[in-house]
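Okay, here's what each chain looks like letter by letter:
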Amino acid sequence: MISCEELVKIYKTDDIEVVALKGLNISVADGEMMAIIGNSGSGKSTLLNILGGLDRPSAGQVQVGEWNLLKITDDELVKYKRKTVGFIWQNNARNLVPYLTALENVEMPMMLSGQYDRTYAKQLLEWVGLKERMGNKLQQLSGGEQQRVAIAISLANRPSLLLADEPTGSVDTRTSDMIMDIFRKLNRELGVTIVIVTHDMTLAGKVDRVVAIRDGMTSTEFIKRNPNLDQLEAGGHSIQEAHEEYVVLDRAGRLQIPKTYLQALGIDNKASMEFDGDKIIIRPPKSLT
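Every value quoted in this text rests on a predicted model; they were computed, and no experiment measured them. (Residues numbered from 1 in each chain as written. Predicted model: local features only at pLDDT ≥ 70, side-chain atom pairs only at ≥ 80, totals over all residues. Heavy atoms only, no water.)

## Considerations on the packing of helix 6 (residues 143-154) against helix 7 (residues 173-190)
Argument step 1. Where helix 6 meets helix 7, the axes come as close as 10 Å, and the angle between the chain directions of the two elements is 15°. Taken together, the axes of helix 6 and helix 7 lie roughly parallel to each other. Taken as a pair, helix 6 and helix 7 cross one another with a handedness that is right-handed. Two secondary-structure elements touch here, helix 6 through Gly144, Gln147, Arg148 and Ile151 and helix 7 through Thr175, Met178, Ile179, Ile182, Phe183 and Leu186.
Argument step 2. Classifying every residue of the contact of helix 6 with helix 7 by side-chain character gives 6 nonpolar, 3 polar and 1 charged. (Axes fitted to C-alpha atoms, helices over the stretch in contact; angles between N-to-C directions. Helix = DSSP H or I, 4+ residues; strand = E, 2+ residues; numbered from the N terminus. Parallel < 35°, antiparallel > 145°, perpendicular 65-115°, else oblique. Left-handed = near helix turned anticlockwise from the far one by under 90°. Contact = heavy atoms within 4.5 Å. Nonpolar A, V, L, I, M, F, W, Y, C, P; charged D, E, K, R; others polar.)

## Examining helix 4 (residues 102-112)
Helical periodicity: at 3.6 residues per turn, an α-helix aligns residues three or four positions apart in one direction.
Argument step 1. For helix 4, the complete set of buried residues consists of Ala102, Leu103, Asn105, Val106, Glu107, Pro109 and Met110.
Argument step 2. Phi for Gly114, located one or two positions after helix 4, is positive at around 75°. (Buried < 20%, exposed > 50% of the residue type's maximum accessible area, 1.4 Å probe, protein only.)

## Details of the sheet that holds strand 2 (residues 17-28)
Where strands meet in a sheet, backbone hydrogen bonds hold them as pairs that are either parallel or antiparallel.
Argument step 1. Taken together, the 4 strands give an open sheet; going across it, the order is 2-1-4-5, and neighbouring strands pair in antiparallel fashion. The sheet is open, and its two borders are formed by strand 2 and strand 5 (67-68), each paired with just one other strand.
Argument step 2. Both strand 4 (residues 59-64) and strand 5 contribute to a ladder of 2 bridges, which runs antiparallel. If you follow Gln63 over to strand 5, its bridge partner there is Asn68.
Argument step 3. The strands touched by helix 1 (residues 44-51) are strand 1 (2-12), strand 2 and strand 4; relative to strand 1, the strand with the most contacts, the crossing angle is about 110°. (Pairing = 2+ DSSP bridges.)

## A look at the packing of helix 4 against helix 5 (residues 118-127)
Argument step 1. Orientation of helix 4 relative to helix 5, taken along the N-to-C sense of each, is 130°, at an axis distance of 9 Å. In this view, helix 4 runs oblique relative to helix 5, as classed from their interaxial angle. Crossing hand, helix 4 versus helix 5: right-handed. Facing Ala102, Leu103, Val106, Glu107 and Met110 of helix 4, the residues of helix 5 in contact are Arg118, Tyr120, Ala121, Lys122, Leu124 and Leu125.
Argument step 2. Per-class residue counts for the contact of helix 4 with helix 5 are 8 nonpolar, no polar and 3 charged.

## As for the nonpolar core
Argument step 1. Grouped together as the largest cluster of nonpolar side chains are 40 residues, with contacts concentrated most on Val106, Leu125, Val149, Ile151, Phe183 and Ile196.
Argument step 2. Every element with two or more residues in this core is listed here: strand 3 (33-37), helix 4, helix 5, helix 6, strand 7 (161-165), helix 7, strand 8 (193-198) and strand 9 (209-214).
Argument step 3. Non-local contacts of Phe183, meaning those with residues more than four positions away in its chain, are made with Met33, Ile88, Ile151, Leu162, Ala164, Pro167, Ile194 and Ile196.
Argument step 4. Among the nonpolar cores identified, the runner-up in size contains 29 residues, and Ile2, Cys4, Leu51 and Phe87 belong to it. (Core = buried A, V, L, I, M, F, W, Y, C linked by side-chain atoms within 4.5 Å.)

## Some thoughts on the pattern of salt bridges
Side chains that carry opposite charge are capable of pairing whenever their charged atoms lie near each other.
Argument step 1. The full count for this structure, using the stated rule, is 10 salt bridges.
Argument step 2. We note a salt bridge from Arg56 to Asp74, for which the minimum N-O separation is 2.8 Å. Highlighted residues: Arg56 in the loop between helix 1 and strand 4 and Asp74 in helix 2 (residues 74-83), separated in sequence by 18 residues. (Salt bridge = Lys/Arg side-chain N within 4 Å of Asp/Glu carboxyl O.)

## As for the confidence of the model for the protein chain
Argument step 1. Per-residue pLDDT for the protein chain has a mean of 81; in total, 84% of the residues score no lower than 70.
Argument step 2. In this model residues 224-243 is a low-confidence stretch, pLDDT under 50, and it forms 32 contacts with partners more than four residues away in sequence or in other chains. (pLDDT = per-residue confidence, 0-100.)

The following block contains the structure:
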C-alpha cells in the first residue's frame, strides 16, 4: 500500500534550511494496521503529511497504491485526497465544522466529491458508537465523541488508507482504548490500511507493527509476535506485549543501527564486522598497534 525509499523533505526559508526527513525507508502492506512512533521533531508528522497529500516530498520515492506522490499533479492530488486517503487530526477543531451536526459533518465530504450517501453516513456513525448522537452539534459532544465523529468523516469517501495523527493524544485512557478498538474493527471489517502516528508506546500492543523514527530516518521496527492476539482481544483480557527489534536494511545493503546501540559499544565512524556462518557480528574496531 505504501512504499517510501530514501524519502527526503527539506523546509526552506530565506536564511535557514531544515531537513525533516533524511532518506527515510518504510513500507506498509495493504490491509495492515501499524503505528509510527518517535519523539517530537523526529519527522513522523512530516511523513504523515506527505502520505496524506498535505505536503510535497523534496526527493526520493513515495508510492501510495497507484499514486506516485513525488510526481503527482495538483489535479491528481485533489483526486488522491478525495478518494484514496482519509485523515484524522489530534485537534478536533480541524476535523469538524462546529455549526453542523455529527451527521452533517460526515455528509459534507460526500457532497464535495459528488458521492452523497446518507444511509452510509448514518452507518459510519453507528459503527463508531454514535447512533443516538447523530443530530448533536460540536458543543454537545464530548472530546471522545468528537474524535469518533472525525473517524467517521475520514471514512466518508471509502478510502483505502486511513492516517491518524495522535488520535488518542487528547483523550483519557478509557476513550483511547475505545478509539483503538474502533480502528481495529474498521481494519478487519473494511480492510482499510491504517497508519497511526503517536509518541505513546502503549499502543504497540494494539497494532500489527510499530516503526520507530529518529532524526528523520526509520531506525527500528518492533514486530508483535503474539499468536493469541485475537483470542485475548475477544476475551477482553490484557495483551502481553512480545516484541522483537530489527534494524532497517535498505536496498544498497546499508544497516541503520540505533545511535544508542552504537554509543553503548563506543562505535563512532568505523566498526569491526565478521560473519561466522550463522550471524553477523559488529564490534568496536580493534585499536591499531
